[in-house]
Amino acid sequence: MSLKKNQKLTFFVPNFASELRIPYIKEGVSAGFPSPAADFSENNIDLNKELSENPLATFYIKVKGNSMIEAGINDKDVLVVDRSLEPRDNKIAICFVDGEFTVKRIKLEKDCLYLMPENPNYKPIKINEENQLIIWGIVTYVIKAL
């Protein structure tokens, strides 16, 4: 088994003490038919708090590589990861396998665990007793540039 060397992750810790406030319009914007302009109130949002259910267990990771593109995770996206969530079948996780970090979908089968890429150019990673695996956390959000 070999992990692709071009799949790298850069870790970041949320700054919950930040005083930076970004304007936030709660009413949202129509993605269907345009709606008449309504009076809207502008509030502030702190994405560190908004995207983190468990602040002490949350961190951000910047992705390098394209093994998860069919899951909507692309090169340079930032993942919000919660270490307090239980790893489960079909969840996307940050995994430490044999000394390397990777992001993959967990696939549980009878007496077997696979780490599944979401790109046909990559092969699944079958985890067996010879592998060292630590699941660091579960991906809860993807932040991307458009």
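Before reading further, recall that the structure is shown in the block above.
Note that the structure is a prediction, hence the values are computed from the model and not measured.

Peer 1: Looking at this structure, I do not really get the overall build of the protein chain. What am I missing?
Peer 2: What the protein chain contains, in helices and strands, is one helix and 10 strands. Ordering the α and β elements of the protein chain from the N terminus gives β-β-β-α-β-β-β-β-β-β-β. When burial is assessed residue by residue, the protein chain has 33% of its 146 residues classed as buried. For the protein chain, contacts bridging at least 24 residues in sequence account for 60% of all contacts bridging at least 6. Here the protein chain displays about 10000 Å² of accessible surface, and carbon together with sulfur accounts for 53% of that area.

Peer 1: Explain the environment of Asn54 here, please?
Peer 2: You can see Asn54 is positioned in the loop between helix H1 (47–50) and strand S4 (58–64). What Asn54 contacts, discounting residues up to four positions off in sequence, is Asp82 and Ser84.

Peer 1: Before we go on, may I ask you to explain the packing of aromatic side chains in this structure?
Peer 2: Each aromatic ring pair is described using two quantities: the centre-to-centre distance and the angle formed by the ring planes. Inspection of every chain in the model, using the stated rule, returns two aromatic pairs. Relative to Phe101, the ring of Phe96 has its centre 4.6 Å away and its plane inclined at 50 degrees; by these criteria the two rings are tilted. Among the residues examined, Phe96 registers a relative accessible area of 25% and is labelled partly exposed. On the accessibility criterion, Phe101 (22% relative accessible area) is partly exposed. Between Phe101 and Trp136, the aromatic rings sit 4.9 Å apart at their centres with planes inclined by 75 degrees, giving edge-to-face as the arrangement.

Peer 1: So what exactly am I meant to see when it comes to unusual backbone geometry here?
Peer 2: The bulk of non-glycine residues show a negative phi, and the bulk of peptide bonds are trans. For Asn90, which is not glycine, the phi dihedral falls at a positive 80 degrees. Its place among the elements puts Asn90 in the loop between strand S5 (78–82) and strand S6 (92–97). A positive phi angle, near 50 degrees, is found at Asp98, a position not held by glycine. Tracing the backbone through its elements, the reader meets Asp98 in the loop between S6 and strand S7 (100–109).

Peer 1: Please explain the pattern of salt bridges as it appears in this structure.
Peer 2: A side chain of one charge can pair with a side chain of the opposite charge if their charged atoms are brought near each other. In total, this model carries three salt bridges according to the counting rule given. Among the salt bridges present, the one from Lys107 reaches Glu109, with a minimum N-O distance of 3.3 Å. What makes Glu109 partly exposed here is its relative accessible area of 38%.

Peer 1: Explain the pairing of strand S8 (residues 112–116) to me, please; I cannot follow it from the model alone.
Peer 2: Bridging between S7 and S8 involves five bridges; their strand directions are antiparallel. Bridge pairing in S8 places Arg105 opposite Met116. Here S7 folds back onto S8 in antiparallel fashion, the turn holding two residues, of which Asp111 has a positive phi close to 60 degrees. As paired strands, S8 and strand S9 (residues 125–127) are joined by three bridges and run antiparallel to one another. Counted as the bridge partner of Tyr114 is Lys126 from S9.

Rules used throughout
- Residues numbered from 1 in each chain as written.
- Predicted model: local features only at pLDDT ≥ 70, side-chain atom pairs only at ≥ 80, totals over all residues.
- Heavy atoms only, no water.
- Helix = DSSP H or I, 4+ residues; strand = E, 2+ residues; numbered from the N terminus.
- Buried < 20%, exposed > 50% of the residue type's maximum accessible area, 1.4 Å probe, protein only.
- Contact = heavy atoms within 4.5 Å.
- Areas by Shrake-Rupley, 256 points an atom, 1.4 Å probe, with all protein chains shown as cover.
- Phe/Tyr/Trp six-rings, centres within 6.5 Å; stacked < 30°, edge-to-face > 60°.
- Salt bridge = Lys/Arg side-chain N within 4 Å of Asp/Glu carboxyl O.
- Pairing = 2+ DSSP bridges.

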